[in-house]
Amino acid sequence: MTARVARASNPQGTTAMWVRDRLDGLWRDEDFAAWYPRDGRPGLSPAQLATVCLLNLSDRQATEAVRCRLDFKYALALELDDPGFHHSVLSDFRDRLAQDDRADRLLDLAPARPREAGLVKQRGRQRTDSTHVLVAARELTRLELVVEAVRAALEQLAVSAPELLDPLVTAEWAEQYGRPVRLCSQPRHPITRLTEAGGDAHTLLTAVAAHASDRAAVPALEALRQILVQQFIIDSRGRLRPRTDKDGFPPGSMQLRSPYDLDTRFAIRGNTRWSGYLLHVTETCDADGPNVITAVATTTPTRDTAAVPGIHTRLERRHLLPTEHLLDGGYVSVALLDQAERECGITLVGPVKASGQWQHKEQTGFARDDFTIDFANRQVTTSWVQAPAVAPYIAAHFRPRQCDPCPARTSCTRGQAARSVYFLPQHLHELQARNRADQQDPAWRKLYALRSGAEGTIAELALGRRARRCRCRCRCRYHGLSKTHVQHVLTAIAVNIGRLTEQDPRNTAYRPRRPTAFQQYLESHGLPRPLWWRQGK
């Protein structure tokens, strides 16, 4: 009855109906068997819950759509009178999905159905790009961070061990930590208030230290301890005081930015500064098929080169390794070019970072590439040693008696010491030279131009599908790296479904909309007219 009514009311079908008709559903309950115990009361279908999570709706809106919309009942294979389920079930399912690497396993299963249907092929061409994602927590100043960390610890102790608070909490503490902290841009006496908050944090941790079992049950106390160590120091007089620039701070990759999200970190890239994560998206870019997202990685802010091996591991597990992988310069290094070719048979297409020597920047003097390196005789000039401090580089050192009388010394080195030339081992050196030569080839540039399409996918994920919660603040929806990764995986699967539904099935009655009268006039007179980017131009 559900199928008959849905087909009668939607003769052309909908996206949800397409998933059921062409893919026979994205998942089956057997795919989730390892997630649940063998005994216990029966639960809802995990395949249905995973499909509902793909809707770009809130939990309440999604469950209402399952109750009321015919095409959703059709996609989930529900009876017309099925009452659906409570919205809190979706939150519990996402918590289960955030454990271990289950989100990646869910994405492992998602491309399998399109591949079986012939919509995705192996050993094609793929591209990768990244974007920043702001943490869901509010950006806190240093004073707000310490005060909010104390308040978070007090909130959890009030639930797990309220008896510990009786000798500590006073009217002053109630006034200071009784509500979330909100300070103006220029609060009064910030250093004094910061010192007092640090003293309260130290007092709280000291009082709880004797109750190891209670402390283990309160993770906010561990966050408070780390924030106290990172933001304060005990001076020579034994007094606790805030750290200064002279004392030094931990690196941004280690500093906690919120007591509610311990995974987020501060990062700087060019003119962009943010606290949050990095989202790496990989998609196919073959000319004869839809662009399908094949890998999603959510990481703390690190170098892009650190994400490439993990991306290849995920693609190999899904049997979707490409022949050519298009990347921007942030992802490419000579070592990765060699590693990807040897271990995975993948050709990385991207520019190797240019030399940072002043000769190269100023386009004058003698740079490293101007020296002739004789690998067979292990000679550049006089000495050849392995440089362990900059391994795997090799160092060739000139002697002062060679450099000092040289008339071109100022074009070669500006230091007091003689010139030293550092270069890679022979196979990597030749690979680097070949990559830089390829960058001048028009065919290579035309191939590399396909990489820019990944930026459109990033925009579709971040703005169109709300991988970031809102356009103006670019914040993710959930706290924690694991839940944020679940959100990104579900969003990527939803994007894939939307793109695959645009591929018309065979023997379809659909025809594209005819050009307007003015567009026909332009074509008849041989005048170019702009096309939408989805049409290929």
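All values derive from a computational prediction rather than experimental measurement.

Trainee: Got a sec to walk through the side chain of Arg499? Specific residues and values, please.
Mentor: With respect to the secondary-structure elements, Arg499 resides in helix H22 (residues 481–501). The exposure class assigned to Arg499 is buried, which follows from its relative accessible area of 10%. Within the local environment of Arg499, its side chain forms a polar contact with the side chain of Thr457, the two groups lying 2.9 Å apart. The residues contacting Arg499, other than those within four sequence positions of it, are Glu283, Asn291, Thr457 and Glu460.

Trainee: Quick rundown of the pattern of salt bridges? Include the residues and the values.
Mentor: One pass over the structure, following the stated rule, counts 26 salt bridges. The closest approach of N and O atoms between Arg318 and Asp108, which form a salt bridge, is 2.3 Å. Residue Arg318 is found in the loop between helix H14 (308–317) and strand S7 (324–326), and its partner Asp108 is found in helix H7 (residues 102–109); the two are separated by 210 residues along the sequence. By relative accessible area, Asp108 is classed as buried at 14%. Put simply, Glu148 and Arg151 hold a salt bridge, and the shortest N to O gap is 2.7 Å. Taken together, the residues Glu148 and Arg151, both in helix H9 (residues 142–160) and three residues apart, mark about one turn of the helix. Summarising the burial analysis for this pair, Glu148 and Arg151 share the class buried.

Trainee: Can you lay out helix H19 (residues 426–438) for me, pointing to particular residues and giving the numbers?
Mentor: A rise of 1.5 Å per residue sets the reference length of H19, with its 13 residues, at 18 Å; its end C-alpha atoms lie 18 Å apart and thus fit the reference within 8%. The set of residues buried in H19 consists of Leu428, His429, Leu431, Gln432, Asn435 and Arg436. What you see down the axis of H19 is that its buried residues fit within an arc of 160°, all on one side. Packed against the buried residues of H19 are helix H15 (334–344) and strand S11 (420–423).

Trainee: Which residues make up the packing of helix H11 (residues 190–208) against helix H13 (residues 219–231), and what are the values?
Mentor: Close contact between H11 and H13 brings their axes to 10 Å; oriented N to C, the two are set at 135°. The orientation of H11 with respect to H13, classified from their angle, is oblique. With respect to the hand of their crossing, H11 and H13 are arranged in left-handed fashion. Contact residues: Gly198, Ala201, His202, Leu204, Leu205 and Val208 in H11; Leu221, Leu224, Arg225 and Leu228 in H13. Split into classes, the residues belonging to the contact of H11 with H13 amount to seven nonpolar, two polar and one charged.

Parameters at a glance
Residues numbered from 1 in each chain as written. Predicted model: local features only at pLDDT ≥ 70, side-chain atom pairs only at ≥ 80, totals over all residues. Heavy atoms only, no water. Helix = DSSP H or I, 4+ residues; strand = E, 2+ residues; numbered from the N terminus. Buried < 20%, exposed > 50% of the residue type's maximum accessible area, 1.4 Å probe, protein only. Polar contact = N/O pair within 3.5 Å; in protein donor to acceptor, adjacent residues only side chain to side chain. Contact = heavy atoms within 4.5 Å. Salt bridge = Lys/Arg side-chain N within 4 Å of Asp/Glu carboxyl O. Expected span 1.5 Å × (residues − 1). Arc of directions from axis to C-beta. Axes fitted to C-alpha atoms, helices over the stretch in contact; angles between N-to-C directions. Parallel < 35°, antiparallel > 145°, perpendicular 65-115°, else oblique. Left-handed = near helix turned anticlockwise from the far one by under 90°. Nonpolar A, V, L, I, M, F, W, Y, C, P; charged D, E, K, R; others polar.

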